[in-house]
Structure formats: C-alpha cells, structure tokens
Number of protein chains: 2
Amino acid sequence: MKIAVMGYGTVGSGVVEVIEAHSDVIPKRTGGKSLEVAHILDLRDFPGDSHASLFTKDFYDILNDDEVKIVAETMGGVNPAFDFTMKLLQAGKSVVTSNKELVAHKGLELLETAEKNGVNYLFEASVGGGIPIIRPITQCLAANNIEGIAGILNGTTNFILTMMIEKGMSFDEALKLAQDKGYAEKDPTADVQGHDACRKVCILASLAFGKHVYPSQVETEGITNISLEDVSYINSVDGVIKLLGQIKYISEDSIAAFVSPAVVYHGSQLASVHDVFNAVLVRGDAVGDVCFYGPGAGKLPTASAVVADMIDCAKHSDRKKIFGWGAGEEDYVVDYKACIKMPFYVRAKATCTQINSAFSEVKYLSRKGQPSDEVAFITDIMTENELKKRLDGIPVLNIIKVTNY
Amino acid sequence: MKIAVMGYGTVGSGVVEVIEAHSDVIPKRTGGKSLEVAHILDLRDFPGDSHASLFTKDFYDILNDDEVKIVAETMGGVNPAFDFTMKLLQAGKSVVTSNKELVAHKGLELLETAEKNGVNYLFEASVGGGIPIIRPITQCLAANNIEGIAGILNGTTNFILTMMIEKGMSFDEALKLAQDKGYAEKDPTADVQGHDACRKVCILASLAFGKHVYPSQVETEGITNISLEDVSYINSVDGVIKLLGQIKYISEDSIAAFVSPAVVYHGSQLASVHDVFNAVLVRGDAVGDVCFYGPGAGKLPTASAVVADMIDCAKHSDRKKIFGWGAGEEDYVVDYKACIKMPFYVRAKATCTQINSAFSEVKYLSRKGQPSDEVAFITDIMTENELKKRLDGIPVLNIIKVTNY
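Now for a look at the structure at hand. All of these numbers come straight from a predicted model, not from anything done at the bench.

### Quick word on the overall build of chain A
Within chain A, the regular secondary structure consists of 15 helices and 16 strands. Expected size for 405 residues packed as a compact globule is a radius of gyration near 22 Å; at 23 Å, chain A falls within 12% of this value. Taken along the three principal axes of its C-alpha coordinates, chain A extends 75 × 45 × 35 Å. Looking at chain A as a whole, 61% of its 405 residues qualify as buried. Sequence separation of at least 24 residues holds for 74% of the intrachain contacts in chain A that already meet a minimum separation of 6. Accessible surface, chain A as shown: approximately 15,200 Å² in total, 47% of it carbon and sulfur. Put simply, chain A has 39 plus and 52 minus side-chain charges, and the middle of one group is 2 Å from the middle of the other.

Written out as structure tokens, the structure reads:
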C-alpha cells in the first residue's frame, strides 16, 4: 500500500525510519498490507539522504497519485498543512498527523471532511507523542462519563521543573540545559508559556466532551514565574510543581479548561513523572483514575504513534472512526476563576497577622533562608476570584493552584 | 440493541449498573445504538433485585434469542464459560469477557471461532480491570517491536506488599486486612501464589508476541516468602518489592515469561503503584517505555471495561478485530533461569567472607536489628542458575529478582 509523508523534519524522518525498520511486522498488523513510502514532501533539500528518489517539492505529486491512500502530515503549523490536509481528505485519502496546532485549531472541519469523504483523520501522535491516549479515551473509557482530565503535556517544561526541583537549578539555568540537550527550542516561548500544552488540552477536551474547544478559550499560564523559593516551600509539604493542563466537566453545556503550574502532592501518579516524560490522568465515573505515562515527544516515539495510525487506516480501509467531536460554542468553556474551587499556594510579602485576618484558616509553609517579611501558605478551597479579593492590599509574590489529582 | 449478561456476581451486576447509568451516553458512542439488557443468566436467586424479569437459569434462553447480538461473560472459571462462549460465537453472537482464566487457557480457540463466524471475542477487562491495556498494546503500539513487558497485575498482592512496606505489617496481618476490606478472598491462594497474575501474563504475552502462552508455561512464584526483613533491606537501597509479571522477547521463536516478587527501584513508574492499583509497563523499540496505571479490579472499573468492549461491538457490528494471536508451541517459553541475566537480592545466614569468596562483586545492604550472622546483598547480573551454583552450600533465607523496569 503506497503512502506519503509531508514534512521531513524530526517526526517525518522518524516516520520513514519506523516504517522501514518494521517492514517485517507491519503486514502482520494490517492483515497483510505493507506500507511503502512513495513520496516525501519537503521544500528543503536533503543531500545524501538515501530516499533521494522519493523527494518532491510539489504537493500535487501526492494529491494526484491515486495509489497513495494514506498520508502522514508531519509539517507542523496551521498553514499550509490545513489546506493540504483538506485537499487530501477531499480526494479520498486518509491523513494521520502529529500536528497538534492544526488539530487544536481545525480538528472539527478536518474530521467532518474526512467523514464526508469516507476516510480517516487520525491524530494519536498529537497528544502525548508516543503515549497511547486518544484511543484509550475514546474507546476503552467509552462506558464512563469523564469527570476530569489532568495532564503533564509538555516535556520541555517538565524537564525544566524537574531540574529546579531535583538539582536546585534556577529557571534560566534549567532552560539553558534544556536547550543544550535539544529539549527546548532557541525560542522556547510555545513551551514555557504553556501554548503547546494548551493545544493538547483543546484536543483532549474536544474528544472527551464532544465539543470543539479552541486555544483562545483555554486560559494559559506558563512556568516563567516559578522560583526556587516556591519549589522549596512546596517541597516542605511533600509536593512538587508541575505544569498541568486541567479539564473539568461541569455540565452538558459547560466545562472548565486551563493550563497553569500546579502543586501536586507525592502519592499522585503525576508527581513521579520526571524529566521530559508526559502523563495524562483521566478520572471516569465508573473506572476512577487511570493514568497513561510515557515519552511525550521525541523522534521515534512520536513517529511510532503516527505509523500506528497508518497501520489502523490500512487495516480498516473501509471504515471510518467515530470520534463524536462536535462544533464548539462561545460560552462552553466557563471562566474557571469564578466557579472552580480549589486550594491555593500563596507566597507574599506579609505578616501572619495580615494573612490571619484575611483568611479563616491557612497552612503555613517554611523554607531554609526564609526572610522575616515573607510568608507562604496553602489556603482552604475557594475560587480564584475569592482568593484575589482576600489578598487585596497584600503584596503577593506568587500564586499556584493546588490540584486534586 | 439487545445484550445478555452471563454471571451476576460482582462484575456482572456492575455491567448491568454501568449500562443503566450510561444509557444517555452509550448511543452517542455506538453511532446511535443503545444497549438493552434482555437476559441475565445466573443459577442463584436474587430476591428483591429490580431486574427480576430478566433472570434466567437456562443458557439456551440467551443462545436462542436471535435478537441478542452481544453477550457479556462474567462468570469466571473455564467451565461452563468455555462451552457457553463457544456456542454463542458459533451462533454469530459477539462475546466480551472479564474472565482471565478462560482467555489464558482457551483464548486461541475462542478467537479462531469468533473469526470463523464473523463476530468478535473481546477481553479488555481480563487484564488490568479498568485500565486500558489490550487496545493500546495491539493498536497504539502496532509500529513497535515490543521488547518486554512488566506489570503489577494483581491488586490483592500489591495491597499486601504496600501494607508491609508502608505500615510495617507482617504478611499475615496484611493479608487479614486485605480480607477484611474485601480485597482478598477467604481462600487467597490464586492471588498470593501468583496464579491470577500468571493468567494475565499469558494474555499479555499472547497478544504482544503472537503465540498463545499457557499458564503451565509460565513459572510462577507468589509473595508468601516475603518477610519484613527483606522489605527493610531493600528499602535501604531505595527499592520496594512488587509482585511482577515479566515478559521478555528473545527471538521470533522464543520468549521468557515469569511471575515473581521483584525489587523495583524508586524512579521506576512501577515503584509508585500503591495499594490495590495495577500498572503495566511496555517497552517498545521505537516508543521506549510507556506505562498504563489504574484500578486493576473492582466492580465498576472492571464492568466499565466490559461495557466499553460491548460499545465497540455495537459500533462496528460488521467488523472483526484482528489480534494476531496464533497457536502456541511447546518450547516457545524458554527456561528463564538458564538464559535471562539480572541482578539478584540475596539474604542468607552467612559471613561476608563466605559471600566474597562466592561472588566477585556484591553490594551489601543493612537493616536495623540485623543479626550478626545474617547478610543481605545485591549481586551483579547473572542467570539464576549461575546464582544458585554460587550459593551452593550457603544457607539462603530468600532470593528476589531485581528488575530493570
């Protein structure tokens, strides 16, 4: 069976490598069909690459090849990936992708187009890299009402936080190390500001609750405000700081969804997710908590998820997946600050007297070298709006949500 | 769509409960079909149960009802579940099950019969209760050669070990507590001797490597020999003892598979799996390590996995799953003691001088209250046969494998 790969970067070249390295086992898993790479689309040149005869700079070489039935889109970005994917689906080709930005922004249109044309649009690799997440949520947990999801969805920030927690590095030092190791880009904005995690939250929320959630609907806070002082206070109560994407079911017509640093206590499965690893915890009304852990990025892990989707397309070429991913709504994602109650970690330039008069009960934390005019504490559960009201007039240094996952 | 449930015990009654509690969402996930419980087979009486009109003691009420297309087998045991399941599949009905004993012993015949009759035999609930494992391994990791699997596959023993490790309870005290909490049966043999974990190892090995592995081929050791002394020594090197099912790929024609207590170091995802929770770690050549965590047993978690399989059958009634689960072979599972090298934990009545003359290098452990004639140590990697040869003449108190997962 002929396939094509669009985008020969890290993931795209990994897709070709995984297909070639598994040419003996793939037919066993497709029911007899092999996957043969017929075209590789990339505008760049790859001198010396052994696939020279397969390269093209012309998208229409793929679109017009009637023998190509499955295409891997590993270009990234919304344009031109969206236009290419639409044309391929309309031409009756299935498309599989690792492109979370495209799925988060255009998933609904692409899934509808796939359905209309009797083909598949699959994106297991777009959340959690190599970790199986999409199928488990949509199939294995189908007999549950999902109550909430919390995920460590970005490996770069988890590596930086791990280095801060375990090695006492500052944010800047840890970011530099992540860049040196190739975990962070030269411009790390999409990772450290939480945008990458936000896209994955959108995909998870759309799948779990059936309405498209867009990145603009998900309030997103990165990890650049986390200091070693915060790490130290939270360590004193057996907690760690993780960048979490959180989704909570409220009603048929509303959910909460946000990305932010969060305090996770030891004992949670999410607390022991270190370095560049990712994990997604799903809470169902029947199953309780299940958690999926693994490499959230990386060439071969991500590529293996893309190829698994291709194997699925090849195996069931006559059949399309039903995702139940419907249209979004403007007020569907509520302002969590007004309605979700939780405890908060607060660090402030204040005295206990000031804090005690603002809060009925708090748990004070301490750290080595704590200045006499600094306090840190964990509040009772309340909304973030209420917290802000109580902190009015107090010079706050940092606020971090405390998760119940 | 009419369905039937065979066996109204914990899981079977859970299946009925999960179907009823999710009657609004199930049609959204099947593409429009609801699941309607038409018969419940059980030889017992359930006076006062609200499903009185559905009960039958006659299997043929289900077999002969042409409108019943999907049956949940939650009876447990090989007989008469095997006979019933065969007849149902031959009659063109799909069967889903939580019955690990039946799948481990008769999976191949049942899958072949299902395939021949164009129906499905699904068993997501048979390994890991509510944790999605079967689909992730067979679908999401399809682009990997699986190198090995290690799992905490039995909640009862994990609870007992957790109580020994965290609360300092003896094995007997912890077992008693597990029985009081309903986690362990009155006769706990199948759990504490590892037989339950062994069946799940068989299912995982058969799925991952394509040849039926039978319980008799899997050397199985339970946790009854684990003492608080062992727990204490291993704690001193940041390790914990877990009952692990381990499977290792050797070649196309051979694997190793065994169930035994194992030392797991902190840092492994398996080390932080506490109480009755289960986890399965899969190592793939492309993806690396992925891990699935959740409740490995329990009424509603297990039932939700059974119902998810029913939803899958209802959604794709025209299609059968390809598992690639072929016939077993006598010498397929090798004697791991002769060929798998690993480090071992050893506790013995001996002196360091004796140990030093038997082993070129060991790491000694210590514990509070250690008697002067007792040593405990961790060896270099070697086969178990070699270990036994070296320990010849030394009065050994316990030996525990050290895992590399």
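### Side note on the sheet that holds strand 3 (residues 55-56) of chain B
All names here are of chain B. Taking strand neighbours across the sheet as the criterion, the six strands line up as 3-2-1-4-5-6 in an open arrangement whose pairing is parallel. The outermost strands of the open sheet, each flanked by one partner alone, are strand 3 and strand 6 (121-122). As defined by bridge partners, strand 4 (residues 68-73) adjoins strand 5 (residues 94-97) across four bridges and the pair is classed as parallel. Bridging across to strand 5, Val-71 finds its partner in Val-95. Where helix 1 (residues 10-21) meets the sheet, its contacts fall on strand 1 (2-6), strand 2 (36-41) and strand 4, and the angle it forms with strand 1 comes to roughly 155 degrees. Packing against the sheet, helix 12 (residues 299-315) makes contact with strand 1, strand 4, strand 5 and strand 6, and its axis sits at approximately 160 degrees to strand 4.

### Section: unusual backbone geometry
Note the cis peptide between A:Asn79 and A:Pro80, where omega equals 0 degrees. Residue position: A:Pro80 is located in the loop between strand 4 (68-73) and helix 4 (81-90). Even without a glycine there, the phi angle at A:Asp275 is positive, about 55 degrees. With respect to the helices and strands, A:Asp275 occurs in the loop between strand 10 (254-265) and strand 11 (277-284). When its relative accessible area of 29% is taken as the criterion, A:Asp275 is described as partly exposed. In this structure, B:Asp238 takes a positive phi of about 60 degrees despite not being glycine. Residue placement: B:Asp238 occurs in the loop between helix 11 (228-235) and strand 9 (239-251).

### Some details on the nonpolar core
Among the nonpolar cores identified, the biggest contains 234 residues, and A:Val15, A:Tyr121, A:Phe123, B:Val15, B:Tyr121, B:Phe123 and B:Tyr345 are the most heavily contacted of them. Excluding residues within four positions of it along the chain, A:Tyr121 makes contact with A:Thr85, A:Leu89, A:Val95, A:Thr97, A:Leu102, A:Val103, A:Leu110, A:Leu111, A:Ala114 and A:Phe323. The next biggest cluster of nonpolar side chains, apart from the first, holds 28 residues, and it includes A:Leu281, B:Val273, B:Tyr293 and B:Tyr405.

### Quick notes on the sheet that holds strand 6 (residues 121-122) of chain A
Residue and element names in this part refer to chain A. Pairing within the open sheet is parallel, and its six strands lie in the order 3-2-1-4-5-6. Of all the strands in the sheet, just strand 3 (55-56) and strand 6 have a single pairing partner and so form its edges. Here five bridges tie strand 1 (residues 2-6) to strand 4, and the two strands are oriented parallel to one another. Looking at the pairing, Ile-3 lines up with Ile-70 of strand 4.

### Observations regarding the interface of chain B and chain A
Across the contact, 46 residues belong to chain B and 46 residues belong to chain A. Across the chain B to chain A interface the summed buried area is about 4,100 Å²; carbon plus sulfur atoms make up 56%. The largest contributions to the chain B side of the interface with chain A come from B:Cys140, B:Gln269 and B:Tyr293, which together make up 15% of the buried area. Put simply, chain B and chain A have two salt bridges between them. For A:Lys28, the salt bridge goes to B:Glu252, with nearest N and O atoms at 3.0 Å. Scanning the region where chain B abuts chain A turns up 21 residue pairs in polar contact (both at pLDDT 80 or more). At eight residues, helix 12 of chain B tops the list of elements feeding residues into the side of chain B that touches chain A. Considered class by class, the residues forming the side of chain B that touches chain A number 24 nonpolar, eleven polar and eleven charged.

### Quick word on the side chain of A:Lys242
All names here are of chain A. When you line up the elements, Lys-242 lands in strand 9 (residues 239-251). Look at Lys-242: it is buried, it has no salt bridge, and the nearest opposite charge is Glu-166 at 7.0 Å. At 3.1 Å, the side chain of Lys-242 and the side chain of Asn-158 are in polar contact. At a separation of 2.6 Å, a polar atom in the side chain of Lys-242 contacts the main-chain carbonyl oxygen of Val-273. When neighbours within four sequence positions are excluded, Lys-242 is seen to be in contact with Ile-152, Asn-158, Leu-161, Thr-162, Ser-260, Pro-261, Ala-262, Val-264, Leu-270, Ala-271, Val-273 and His-274.

### Describing the packing of helix 4 of chain A against helix 5 (residues 100-116) of chain A
Residue and element names in this part refer to chain A. Packing of helix 4 against helix 5 brings their axes to within 10 Å, and their N-to-C directions diverge by 15 degrees. The angle between helix 4 and helix 5 falls in the class roughly parallel. Of the two possible hands of crossing, helix 4 and helix 5 adopt the one that is right-handed. In this structure, helix 4 uses Ala-81, Phe-82, Thr-85, Met-86, Leu-89 and Gln-90 to contact helix 5, whose residues at the interface are Leu-102, Lys-106, Glu-109, Leu-110, Thr-113 and Ala-114. Class assignment of the residues belonging to the contact of helix 4 with helix 5 gives a composition of seven nonpolar, three polar and two charged.

### Brief notes about helix 1 (residues 10-21) of chain A
All names here are of chain A. Here helix 1 contains twelve residues, and its C-alpha end-to-end distance of 16 Å stays within 8% of the 16 Å for a straight helix at 1.5 Å per residue. Regarding helix 1, the residues found buried are Val-11, Gly-12, Ser-13, Gly-14, Val-15, Val-16, Val-18 and Ile-19. Residues of helix 1 that are buried in the fold lie against strand 1, helix 2 (26-30), strand 2 (36-41), strand 4 and helix 12 (299-315).

### Comments concerning the pattern of salt bridges
Counting across every chain of the model gives 52 salt bridges over all chains. A salt bridge links B:Lys100 to B:Asp196, with the shortest nitrogen-to-oxygen separation between them at 3.4 Å. Here B:Asp196 lies in helix 10 (residues 195-209) and B:Lys100 lies in helix 5 (residues 100-116), a separation of 96 residues in the sequence. Between B:Lys106 and B:Glu109 there is a salt bridge, and its shortest N-O distance comes to 3.9 Å. Residue B:Lys106 and its partner B:Glu109 are located together in helix 5, separated by three residues, close to a single helical turn. A relative accessible area of 35% places B:Glu109 in the partly exposed class. Each of A:Glu124, A:Arg135, A:Asp309 and A:Asp312 takes part in a single network of salt bridges with overlapping partners.

Here is what the cut-offs are and how they apply
Residues numbered from 1 in each chain as written. Chains lettered and ligands numbered in written order. Predicted model: local features only at pLDDT ≥ 70, side-chain atom pairs only at ≥ 80, totals over all residues. Heavy atoms only, no water. Helix = DSSP H or I, 4+ residues; strand = E, 2+ residues; numbered from the N terminus. Rg over C-alpha atoms; globule rule 2.2 N^0.38 Å. Buried < 20%, exposed > 50% of the residue type's maximum accessible area, 1.4 Å probe, protein only. Contact = heavy atoms within 4.5 Å. Areas by Shrake-Rupley, 256 points an atom, 1.4 Å probe, with all protein chains shown as cover. Lys, Arg positive; Asp, Glu negative; His and termini not counted. Charge placed at Lys NZ, Arg CZ, Asp CG, Glu CD. Pairing = 2+ DSSP bridges. Axes fitted to C-alpha atoms, helices over the stretch in contact; angles between N-to-C directions. Core = buried A, V, L, I, M, F, W, Y, C linked by side-chain atoms within 4.5 Å. Buried area = accessible area lost by both parts, 1.4 Å probe. Salt bridge = Lys/Arg side-chain N within 4 Å of Asp/Glu carboxyl O. Polar contact = N/O pair within 3.5 Å; in protein donor to acceptor, adjacent residues only side chain to side chain. Nonpolar A, V, L, I, M, F, W, Y, C, P; charged D, E, K, R; others polar. Parallel < 35°, antiparallel > 145°, perpendicular 65-115°, else oblique. Left-handed = near helix turned anticlockwise from the far one by under 90°. Expected span 1.5 Å × (residues − 1).

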